[in-house]
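Topology and contacts: notes
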Amino acid sequence: MNEKSIEKIVVIDDEKHTHTFFQELLGSYYTIISAYDSHQASEILKTEHIALAILDIKLPEINGIEYLKWIRTNYPEILVIMITGYGTPEVAIESIKAGAHDFLTKPFEDIERVRLIVDNAFKQVQMHKELKRLKGSLMPLFIGESEPVKKILKLIEKIAGTDSTILLTGESGTGKELIARLIYEMSNRKNNAFHAINCSALPETLLESELFGYEKGSFTGAYKTKKGLFELADKGTLFLDEIANTSLNFQAKLLRVIQERVFIRVGGDKEINTDIRLITATNKDLQQCIKQGTFRDDLYFRLNVMEIKLPALRERKQDLVLLTKFFIDKYSVKLNKKIEHIEEKVIDMFKKYDWPGNVRELENVIERMCILSEGPILNEQLLPESFIMGIQTSQSPIDLALGPGSAQIEDFNTAKKNFEKNYLIQILKKTKGNISKASLFSAIQRQNLYEKLKKYGLNIKDYR
């Protein structure tokens, strides 16, 4: 505690000496507001912006635990510390289960513990505020109200303030670097450097040079000594993406850095200390890589202190509408267009699609639609053909035969023809118009395949 904060604490207790204690202990650092019963407290909560409530478990007219539940339901952003003269484990467990941040026991003999609990509570308050702020800037790919997103954000709040090594796993396009930056922004290292590198984008020798640096003259072209990211990110955060695509030789060197917190520049012999928070990411199953002999198990255990599994977009389709609106607003501004909304039919199609490219693919689709749009409404005609075909491949044979967006069931012969034509289009696209491959994939003899293509007016040149 240093200079006085603008944060407000309400102390809810019917005993005057409790209010006097907290006013004397915390009044120089926070604004302390007194409430002697739940009615008075409720009025304060309505009119004041309260960050923390210190609540006695025994109030004259209501059980403190019940009032705690009421606060957590109506003001979930307020943290609550319970105080009690009956400091039994059962009381503590009941308080925590009901949503209390922590609890204190009367009489308050351990002054430093009281200060520590209050300080920790306000650190979490600040974390909540930081998370809310970052949602508007760093989190465009990870906004949403689905349970998977809520769980991820709650976990981030818990671990961001630590220095633990973090492993981010999930499919491409789920926002792993975004989450790494979010953790960095919410960490104690946020005022120092953040550096990111894609390990699969560089050959091993260049990757080592980028991370460890090199000495002048260590190889052709090394005209001067260069610092690597382990030096540049000192006291900050280093993010290594696609860590599964590194060689066993490189993994051994990385393991040494993690274990000993020292490294040597390429061409050098001097050990250099490094103090970094390491975050790594992969879209592969590292345990499977270990079984295949392509990833070191000892490195895996070092990296996997805390794993965050990012959900695929198909696992959080509840967020599609929010994400779609976000990207429409983004590209309306960027392209200087007045796009008001997207047709409901398109949203329904979005929900049927599996999104193999995840949120990154959704953003690309929305950007393309916004570019092509000549009016205020995004419609089905603006969707890329690859997206339409993707929906068709994920639908049942009947849905596929009817075609996307069809609401009326056709007769069997018509449906059969539509199915056959759409199937042939898929094969041509997959094989890029190669008739030999198309025949192999479809198990249709070449001559019969030519006849079917002719029947439906399909030209293999259109798919090359």
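Residues numbered from 1 in each chain as written. Predicted model: local features only at pLDDT ≥ 70, side-chain atom pairs only at ≥ 80, totals over all residues. Heavy atoms only, no water.

**Focus on the environment of V11**
Within the element layout of this structure, V11 appears in strand 1 (residues 8–12). When its relative accessible area of 0% is taken as the criterion, V11 is described as buried. For the pair V11 and L52, spaced 41 residues apart in the sequence, the C-alpha separation amounts to 8.6 Å. Discounting residues that sit within four places of it in the chain, V11 has contacts with T18, H19, F22, I32, I33, S34, A35 and I54. (Helix = DSSP H or I, 4+ residues; strand = E, 2+ residues; numbered from the N terminus. Buried < 20%, exposed > 50% of the residue type's maximum accessible area, 1.4 Å probe, protein only. Contact = heavy atoms within 4.5 Å.)

**Remarks on the sheet that holds strand 4 (residues 79–84)**
Overall, parallel pairing links the 5 strands, which are arranged 2-1-3-4-5 in an open sheet. Unpaired on one side and paired on the other, strand 2 (31–35) and strand 5 (102–105) mark the two borders of the sheet. In this sheet, adjacent strand axes meet at a mean angle of 20 degrees when their direction is disregarded. When strand 3 (residues 52–56) meets strand 4, the two strands line up parallel, connected through 5 bridges. Its bridge partner being in strand 4, L52 is matched across the sheet by L79. The strands touched by helix 2 (residues 38–47) are strand 1 and strand 2; relative to strand 2, the strand with the most contacts, the crossing angle is about 140 degrees. (Pairing = 2+ DSSP bridges. Axes fitted to C-alpha atoms, helices over the stretch in contact; angles between N-to-C directions.)

**Details of the pattern of salt bridges**
Scanning all chains against the criterion turns up 27 salt bridges. A salt bridge links K106 to D56; its shortest N-O distance comes to 3.7 Å. With K106 in the loop between strand 5 and helix 5 (111–135) and D56 in strand 3, this pair connects stretches of sequence that are 50 residues apart. Accessibility classification places K106 together with D56 in one group, the buried group. As a salt-bridge pair, R265 and E231 come within 2.9 Å of each other at their nearest N and O atoms. (Salt bridge = Lys/Arg side-chain N within 4 Å of Asp/Glu carboxyl O.)

**Description of unusual backbone geometry**
Geometrically, the link from K106 to P107 is a cis peptide bond, its omega value of -5 degrees lying close to zero. On the secondary structure map, P107 appears in the loop between strand 5 and helix 5. A positive phi angle, close to 55 degrees, is found at E242, a residue other than glycine. Within the fold, E242 resides in the loop between strand 10 (237–241) and helix 10 (248–260). For N336, which is not a glycine, the phi torsion comes out positive at approximately 55 degrees. The topology assignment puts N336 in the loop between helix 13 (320–334) and strand 15 (341–342). With relative accessibility at 71%, the residue N336 sits in the exposed group.

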